[in-house]
Amino acid sequence: MKNSHFVLLALAFAVTTACQKQTSETVVEEVTIEQLDSETVPGNYGADIELSGIVSPAEMVLAVQKDGDFEGKITGDIKEVCTKKGCWLTMDLPNGESMRVTFKDYEFFVPTNSQGYPVILEGIAVLTETDVETQRHYAEDGGMSKEDIAKITEPKREITFEATGVVIKEKA
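Computed from a predicted model, the values in this text were never measured in an experiment. (Residues numbered from 1 in each chain as written. Predicted model: local features only at pLDDT ≥ 70, side-chain atom pairs only at ≥ 80, totals over all residues. Heavy atoms only, no water.)

(A) View of the pairing of strand S6 (residues 98-103). Note that strand S5 (residues 88-92) and S6 share five bridges and pair antiparallel. Note on S6: the bridge partner recorded for Thr90 is Arg100. Between S5 and S6, which follow one another and run antiparallel, lie five residues, and Gly96 among them has a positive phi close to 90°. By the bridge criterion, four bridges tie S6 to strand S8 (residues 156-168) in an arrangement that is parallel. Bridge pairing in S8 links Thr102 to Glu162. (Pairing = 2+ DSSP bridges. Helix = DSSP H or I, 4+ residues; strand = E, 2+ residues; numbered from the N terminus.)

(B) Geometry of the pattern of salt bridges. Taken as a whole and assessed by the stated rule, the structure comprises five salt bridges. Here Lys151 ties to Asp148 by a salt bridge, and the two come within 3.5 Å at their closest N and O atoms. The exposure class of Lys151 is exposed, given its relative accessible area of 61%. A salt bridge links Lys156 to Glu158, with the shortest nitrogen-to-oxygen separation between them at 3.7 Å. Among the charged side chains, a salt-bridge network with shared partners connects Lys84, Glu140 and Asp141. (Salt bridge = Lys/Arg side-chain N within 4 Å of Asp/Glu carboxyl O. Buried < 20%, exposed > 50% of the residue type's maximum accessible area, 1.4 Å probe, protein only.)

Next comes the structure, spelled out in structure tokens:
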């Protein structure tokens, strides 16, 4: 009788262990599928954007310089993207500076491999002063070396853009 209890206990253990392994394999497959989907770059991120009324970055810069801010849609090319999770991007402005784009309320991200793609952004641009700590954080996210990060010692006055929606287009 004791042997039959031992056999039943061993069988229950084997079934439980087999189920746990199967569950782990399922999770691994789901993560893999999610990772493959994140490599598709062109698409809409955040709020849907109507593709009319788009202005150039130069027009946006003039509006920010004149009025202190700009609300609308602009187009350009993605220069850099946060390498950790795509929580920001940069694009070049006509004056040779870069503009950092963040996403409203951290509600969406863009693919980390979207550098060089044409983009349409909708949101608000403002002239801001970025403190040293924030600049260093962005530099770390961008993969900058510790030596270069240490060279950031002054606040930076720059145009920043908070996007509510992003359309990444196919490369030409």
